[in-house]
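Residues per chain, in single letters:
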Amino acid sequence: MQHGMNLAIVGSGYVGLVTGACFADVGHNVICVDNDPRKIESLRAGKVPIYEPGLEELIHRNVAAQRLRFTGSIKEGVDHSQIIFIAVPTPPQPDGSVDLSFIEKVAREIAGVLTDYRVIVDKSTVPVKTGEKVAESIRRYNRHGAKFDVVSNPEFLREGCAVADLMQPDRIVIGAQSEHAIDLMKKVYEPFMAPILVTDVNSAELIKHAANSFLALKISYINAVSAICEASGADIEKVADGIGMDRRIGRNFLNAGIGYGGSCFPKDIAAFITISEQLGVPFTLLKEVQRINAAQKDRFLKTIRDTLWVLREKHIAVWGLTFKPDTDDIRSSVAIDLVADMLREGAHVSVYDPKGMERACEVAAIKGARFCESALDAAEGAEALVISTEWSEFGNIDLAVVKEKMTTPIVFDGRNLFDPTTMAKVGFRYHSIGRAPLTPA
Ligand code: NAD
């Protein structure tokens, strides 16, 4: 690209920061805005506040090339940009509906400083029809009567491989009414050479909730099948392979485990259920998806209880606290819930995670755990080892050394990280998801 476009991203979190860095890397001039002064200070000092593979290097490279900078001022972002992306949180409320106050506040703030035509793009995950509300709000607070267009451009990145997902997306969805806004958005994404789907604003918003709900449905489907495997003696890994080899289905998202967590799936499924109810067409299938997900963790805990009999005073090691590998994100992590449950039952829990320790230390519900320096340190003296996140570091560990460290070599593998026969050969009593338990050979 000869001349980059001037872009602002409001909200410099997992989505905003990665988006800003990737936009800069393809040649755009990007200002990342955030209202957390510590975040801006740390970014300006060259310190990246989140862990995402490849992100730090990307940020440093583009800051050095003067294509990426950080500010606490929305006005600075709006003044210097043709397009303003909104990537602020849309957290769940207790009733499952979405808290849109962050979006509303940013819309109001942008409107207050708008003096010329701008495209305002919602990248946050929002309920269908939010774009209409954003436009209405901007019209109301638009003191200078500046022209603007509102676009929906949902983000599909996965934490843990967000940079790669941003750089080589499966598709870009642009929901807009105005041809001019669509042309500008196409220019932003031109360097990514990805398929672009142009829709109306409502459809773009709906695509995001429908896509995440479908992925969660796939996870709950295979988890429900895993329970049937356990009851019948079938092997979930073989069953998933057999299902997944059908190209109409595909093997992705057919990994049985202790359920989905994270900052997106639980909240997006709850939101989609609420949206469908508000529209008078309740999507009841998704309630079953939620039920199966919760039951999966409960079933896993029951296996632990059934095996250890009483958890009180048992020393249990837990490997993995983040909601998935290759991230430091522990938001709505099933692993954290598991640790909290075991602590409540009186177990002594020692935990280790390659990137999630700093954030996990702050979680009140697991304050009673012992936070360890390494996976082996956590396993020292343990009567059982629980694997709750499938970090490759755990998969590559010397199992014989782990066994030596433990008092009683019992493993509960909530992510099917290991091969049961290998585990039995090393001398573990091994429980996993949807596969028969094995005792030492
Ligand atoms: P995050 O909490 O990591 O980041 C949000 C950032 O916005 C924070 O740094 C916060 O300080 C900032 N912020 C809040 N209010 C602000 C304001 N008024 N002005 C400026 N900055 C403000 O959140 P996230 O994970 O990046 O998610 C953002 C949105 O993207 C959500 O709607 C989420 O559902 C969606 N999303 C997230 C992912 C993901 O994997 N995390 C993927 C796709 C979509």
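Residues numbered from 1 in each chain as written. Predicted model: local features only at pLDDT ≥ 70, side-chain atom pairs only at ≥ 80, totals over all residues. Heavy atoms only, no water.

## Points about the domain arrangement of the protein chain
1) Next: We note that the domain assignment places domain 1 (6-199), domain 2 (208-288) and domain 3 (296-431) within the protein chain.
2) Next: Measuring from the centre of the C-alpha atoms in domain 2 to the corresponding centre in domain 3 gives 24 Å.
3) Next: Contact with domain 2, which involves 15 residues of that partner, is made by 15 residues of domain 3.
4) Next: Taken over both partners, the interface formed by domain 2 and domain 3 buries close to 1,100 Å², and the fraction arising from carbon and sulfur atoms is 51%. (Domains from an automatic or database assignment. Contact = heavy atoms within 4.5 Å. Buried area = accessible area lost by both parts, 1.4 Å probe.)

## Some remarks on the nonpolar core
1) Next: Core analysis: the largest hydrophobic core is formed by 57 residues, its most contacted members being W319, V339, M342 and V386.
2) Next: Broken down by element, the residue count for this core peaks at seven residues, all from helix α13 (residues 334-344).
3) Next: Taken domain by domain, the makeup of this core includes at least three residues from each of domain 2 (208-288) and domain 3 (296-431).
4) Next: Sequence-distant contacts of M342, defined by excluding residues within four places in its chain, comprise L301, I304, L311, I316, V318, A347, V349 and V386.
5) Next: Counting residues in each nonpolar core, the second largest holds 44 residues, with M5, L166, I172 and A194 among its members. (Core = buried A, V, L, I, M, F, W, Y, C linked by side-chain atoms within 4.5 Å. Buried < 20%, exposed > 50% of the residue type's maximum accessible area, 1.4 Å probe, protein only. Helix = DSSP H or I, 4+ residues; strand = E, 2+ residues; numbered from the N terminus.)

## Concerning helix α1 (residues 14-25)
1) Next: Given a rise of 1.5 Å per residue, twelve residues ought to cover 16 Å, and the 17 Å separating the end C-alpha atoms of α1 matches this to within 8%.
2) Next: Burial of α1 is extensive: ten of the twelve residues sit out of reach of the surface.
3) Next: Burial in α1 covers these residues: Y14, G16, L17, V18, T19, G20, A21, C22, F23 and A24.
4) Next: Two residues or fewer past α1, G27 is found with a positive phi of approximately 115 degrees. (Expected span 1.5 Å × (residues − 1).)

## Thoughts on the sheet that holds strand β10 (residues 348-352)
1) Next: Taken in spatial order, the six strands line up as β11-β10-β9-β12-β13-β14 in an open sheet, and their pairing is parallel. Here the strands that pair on one side only, and so sit at the sheet edges, are β11 (370-371) and β14 (429-431).
2) Next: Relative to β10, strand β9 (residues 315-319) is paired through five bridges, and the arrangement is parallel. Following the sheet pairing, A317 is matched in β10 by S350.
3) Next: Lying over the sheet, helix α12 (residues 285-308) contacts β9, β12 (384-387), β13 (410-413) and β14, oriented at roughly 170 degrees with respect to β13. (Pairing = 2+ DSSP bridges. Axes fitted to C-alpha atoms, helices over the stretch in contact; angles between N-to-C directions.)

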